[in-house]
2 protein chains.
Amino acid sequence: MKFRRSERLIDMTSYLLDHPRHLVPLTFFAERYSSAKSSISEDLAIVKETFEQRGIGTLQTVAGAAGGVKFFVNVSDEEARPFVNELCSLIAHPDRLLPGGYLYLTDILGNPTIVQKAGRIIASAYVNTKIDVVMTVATKGIPLAYAVASQLNTPVVIVRRDSKVTEGPTVSINYVSGSAKRIQTMVLSKRSMPEGSRVLIVDDFMKAGGTVMGMISLLEEFNGTVAGIAVLVEAEKIEERLVDEYKSLVKLTDVNVKEKTIQVAEGNYFKRRTEE
Amino acid sequence: MKFRRSERLIDMTSYLLDHPRHLVPLTFFAERYSSAKSSISEDLAIVKETFEQRGIGTLQTVAGAAGGVKFFVNVSDEEARPFVNELCSLIAHPDRLLPGGYLYLTDILGNPTIVQKAGRIIASAYVNTKIDVVMTVATKGIPLAYAVASQLNTPVVIVRRDSKVTEGPTVSINYVSGSAKRIQTMVLSKRSMPEGSRVLIVDDFMKAGGTVMGMISLLEEFNGTVAGIAVLVEAEKIEERLVDEYKSLVKLTDVNVKEKTIQVAEGNYFKRRTEE
């Protein structure tokens, strides 16, 4: 059965979006659509052009016998900015204030549409970085970590506060939480991360950075290296942050419990991109 | 700027796959591509046909002024079966056996490609069911719950073992775990689920079903009703299962700790679909 170009373009788009950063041989598509490789190449050129124009991402062609095509997500700033601004106004709502100046973000983190878009934006900043695993800590960071990892085609490794029998042997460390200055424990299944991995740390929220520092100590036990740190929201006015190299989408600039006001601004995500 | 049909088809495919179960007005596409509604309708007919032929899903057109088009995921059994079989052989590997007959599944649950595909397959069974939220319990079920919810366009609600300050006021219940017969606690943020929601419960693993029963008790505190129960893996030979209406992708038929063998079969997912 032969496929028309329009059908090939639709199915190819669906397949490529589903397999970011996978190398797909041209012969795979040629067989899938019983089409000549030359037609497939033409199709891919059209897909690439449209993906780039619409701020979806790009295709990279790898030449040679072991070659093929790879889709990379690349959300343009024109696409990302309105989304981040919307996120800011969502977060600025005074109803979110909890006792102690904490913010209720569960509804935002529970919205798969928001989380996936945020994940795609964060992943766009790391498509050219070699990353072997995305690491996060249970519980709130998990959805965002998956959203990022699915675009980078890497596994997710989840650090826990306590060990579980279903995790097998674990490695654990103690760390000092940055804001509360308490000693806490983090645990990671030994099997879950290969030695020497390049790790992207993803979390929902960063205050002083103690949790991130804990994850760094833990990954060092696996001889890993930090390939990047990204958070959805960073907290306001931290006098001494433990971590200085990170990307954030949103920044709390002022949380006033007494006045019940929350000031929110864009995080450093866009700034860093412009500087690059 | 005018768009060629090929560009429209590619961008439309990407947009619809990103917005499952959202009603997209035809005028949205007409404006996006500066095209006549009649061309958009023709485009959508091509997309629909291809989605159905390739086992991706379907489009439903809602007529009238408030009308538009909705994408529904619908992984065909021809697509789902080889995936589930592959999952079975992955799970059957004797290296997974942990002390006490537990299975190490962290690597499978940590693979976004697997989790998303499983989520899409599970969601396919519920596209015609009215579902307001997907509920799961921390930690392991979270990624699968998001994968399902993103296809059903619903929020995810995460039940926890303990309450956190960032969750605000919570409702908690006690329940008896099915296999260990211990009394345990479950907690859900009051704000996180509207009263009277129709709830799809998603988890990674079900043994006797105590955890699922706990979630049912908890959602009843919110006057919710169970719209469905789906798990990735169900355990072998449970003499008295507490839950009888559920779907599973994979079933452990025999775990022999002494012989170090794991027997795995397809879950009841396909059986139920055929009976429908």
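Relevant structure appears above.
This structure is a prediction, so every number in the text was calculated from the model and none was measured. All chains use their own residue numbering, which begins from 1 and follows the written sequence. Think of it this way: whatever chain is written first is A, whatever ligand is written first is 1, and the rest follow in order. Only residues with pLDDT of 70 or above have their local features reported here, since the model is predicted, and side-chain atom pairs are shown and tallied only from 80 upward, although totals for entire chains, interfaces and linings are computed over all residues. Derived side-chain values reflect all non-hydrogen atoms in the structure, with water molecules and hydrogen atoms excluded from consideration.

Undergrad: Got a minute to help me understand the overall build of chain A in this structure?
TA: In this description a helix means any DSSP run of H or I spanning at least four residues, a strand means any run of E spanning at least two, and both kinds are numbered starting from the N terminus. For chain A, the count of helices and strands is nine helices and 10 strands. Its C-alpha atoms give chain A principal-axis dimensions of roughly 65 × 45 × 35 Å. Taking all 276 residues of chain A together, the buried fraction comes to 55%. We call two residues in contact whenever any of their non-hydrogen atoms come within 4.5 Å of each other. Contacts spanning at least 24 positions in sequence make up 61% of the contacts within chain A whose residues lie at least 6 apart. Summed over its atoms, the accessible surface of chain A is roughly 12000 Å², and 49% of this surface lies on carbon and sulfur atoms. Positive and negative charge centroids in chain A, built from 34 and 33 side chains respectively, lie 3 Å apart. Throughout, exposure labels follow a simple rule: accessible area from a 1.4 Å probe, protein chains only, divided by the maximum for the residue type, with under 20% read as buried, over 50% as exposed, and the rest as partly exposed. Using the Shrake-Rupley algorithm and a 1.4 Å probe, accessible areas are obtained, with residue cover drawn only from the displayed protein chains. Neither His nor the chain ends is counted toward charge; the positive residues are Lys and Arg and the negative residues Asp and Glu. For the purpose of locating charges, the reference atoms are NZ of Lys, CZ of Arg, CG of Asp and CD of Glu.

Undergrad: Any chance you could explain the sheet that holds strand E4 (residues 156-159) of chain B here in plain terms?
TA: Consider a sheet: its strands pair through backbone hydrogen bonds, and that pairing is either parallel or antiparallel. All names here are of chain B. One open sheet accounts for six strands, arranged E4-E3-E7-E8-E9-E10; its pairing is mixed. Each end of this open sheet is capped by a strand with a single partner; those strands are E4 and strand E10 (261-266). Strand after strand, the sheet turns through a mean of 30° between neighbouring axes, direction not considered. Two strands pair if DSSP finds at least two bridges between them. Of the pairings in the sheet, the one linking strand E8 (residues 225-234) to strand E9 (residues 247-256) comprises four bridges and is parallel in character. By the bridge assignment, glutamate 234 is partnered in E9 with lysine 251. Helix axes are fitted to C-alpha atoms over the stretch in contact, other axes to C-alpha atoms as well, and angles between N-to-C directions run from 0 to 180 degrees. Helix-sheet contacts for helix H8 (residues 210-220) involve strand E3 (133-137), E4, strand E7 (198-206) and E8, and the interaxial angle to E7 is about 160°.

Undergrad: What is the right way to read the environment of glutamine 263 of chain A from this model?
TA: Residue and element names in this part refer to chain A. Counting through the fold element by element, glutamine 263 comes out in strand E10 (residues 261-266). A C-alpha to C-alpha distance of 12 Å links glutamine 263 and lysine 237, two positions 26 residues apart in sequence. Not counting residues within four places of it along the chain, the set of residues in contact with glutamine 263 comprises Lys251, Leu252, Thr253 and Asp254.

Undergrad: Teacher, can you tell me more about the packing of aromatic side chains here?
TA: Two aromatic rings, taken as a pair, are described by how far apart their centres are and by the angle between their planes. Here is the rule: rings of Phe, Tyr and Trp (six-membered ring for Trp) pair when centre to centre is within 6.5 Å. Planes less than 30 degrees apart are stacked, more than 60 are edge-to-face, and the remainder are tilted. Applying the stated criterion across every chain yields a total of 12 aromatic pairs over all chains. Ring geometry for phenylalanine 29 of chain A and tyrosine 33 of chain A: centres 5.9 Å apart, planes at 5°, overall stacked. Take phenylalanine 29 of chain A and tyrosine 33 of chain A: they sit in the same class, and that class is buried. Between phenylalanine 51 of chain B and phenylalanine 71 of chain B, the ring centres sit 5.4 Å apart and the planes meet at 70°, which makes this aromatic pair edge-to-face.

Undergrad: I'm lost on the sheet that holds strand E8 (residues 225-234) of chain A in this one. Help?
TA: Residues and elements named next belong to chain A. One open sheet accounts for six strands, arranged E4-E3-E7-E8-E9-E10; its pairing is mixed. Every interior strand has two partners, whereas the edge strands, strand E4 (156-159) and E10, have only one. Pairwise comparison of adjacent strand axes, ignoring direction, gives a mean angle of 30° for this sheet. In the sheet, strand E9 (residues 247-256) pairs with E10 via six bridges, with the strands oriented antiparallel. Bridge pairing in E10 places aspartate 254 opposite glutamine 263. Of the strands in this sheet, strand E3 (133-137), E4, strand E7 (198-206) and E8 touch helix H8 (residues 210-220), which is tilted by about 160° from E7.

Undergrad: Mind showing me how you'd approach the relation of the copies chain A and chain B here?
TA: Put simply, the two copies of the chain differ by a rotation about an axis and a shift along that axis. Overlaying chain A with chain B gives an RMSD of 0.0 Å, the required rotation being 180° about an axis along which the chain moves by 0.0 Å. Expressed as a symmetry operation, the mapping of one chain copy onto the other fits a two-fold axis. Most of the interface of chain A is mirrored in chain B, where 100% of its interface residues again form contacts. What sets the superposition is a least-squares fit of C-alpha atoms, and only residues with pLDDT of at least 70 in both copies go into it.

Undergrad: Honestly, the interface of chain A and chain B in this entry has me stumped. Any pointers?
TA: Interfaces are often sized by the amount of accessible area the parts lose when they come together. Between chain A and chain B, the residue contacts involve 60 residues of the former and 60 residues of the latter. Accessible area that two parts lose when put together, with a 1.4 Å probe and added across both, is what the buried area reports. Its largest share of buried area at the contact with chain B, chain A owes to Ile10, Arg54 and Arg191 of chain A, together 14% of the area lost on that side. Should a side-chain nitrogen of Lys or Arg be within 4 Å of a carboxyl oxygen of Asp or Glu, the pair is scored as a salt bridge. Seen at the junction of chain A and chain B, the total is eight salt bridges. Residue arginine 120 of chain A is joined to aspartate 18 of chain B by a salt bridge in which the shortest nitrogen-to-oxygen separation is 2.6 Å. We define a polar contact as two N or O atoms separated by no more than 3.5 Å, with the added condition that, inside protein, one atom must be a possible hydrogen donor and the other a possible acceptor, whereas residues neighbouring each other in sequence contribute only through side-chain atom pairs. Where chain A meets chain B, there are 17 residue pairs in polar contact (both at pLDDT 80 or more). Secondary-structure elements contributing two or more residues to the side of chain A that touches chain B are helix H1 (5-18), helix H3 (37-53), helix H5 (106-109), helix H6 (112-124), helix H7 (142-152) and E4 of chain A. If one sorts the elements of the side of chain A that touches chain B by residue count, H1 of chain A sits on top with nine residues. The residue classification treats Ala, Val, Leu, Ile, Met, Phe, Trp, Tyr, Cys and Pro as nonpolar and Asp, Glu, Lys and Arg as charged. All others, Gly included, are polar. Of the residues that constitute the side of chain A that touches chain B, the class distribution is 28 nonpolar, 18 polar and 14 charged.

Undergrad: For this particular structure, what's the right way to read unusual backbone geometry?
TA: Across the chain, the bulk of peptide bonds are trans and the bulk of non-glycine residues have phi less than zero. Residue and element names in this part refer to chain A. Of the consecutive residues alanine 138 and threonine 139, the connecting peptide bond is found in the cis state with omega at 10°. Looking at the element boundaries, threonine 139 is found in the loop between E3 and H7. Positive phi values are uncommon outside glycine, yet lysine 260 reaches one of about 55°. Judged by its relative accessible area of 55%, lysine 260 is exposed.

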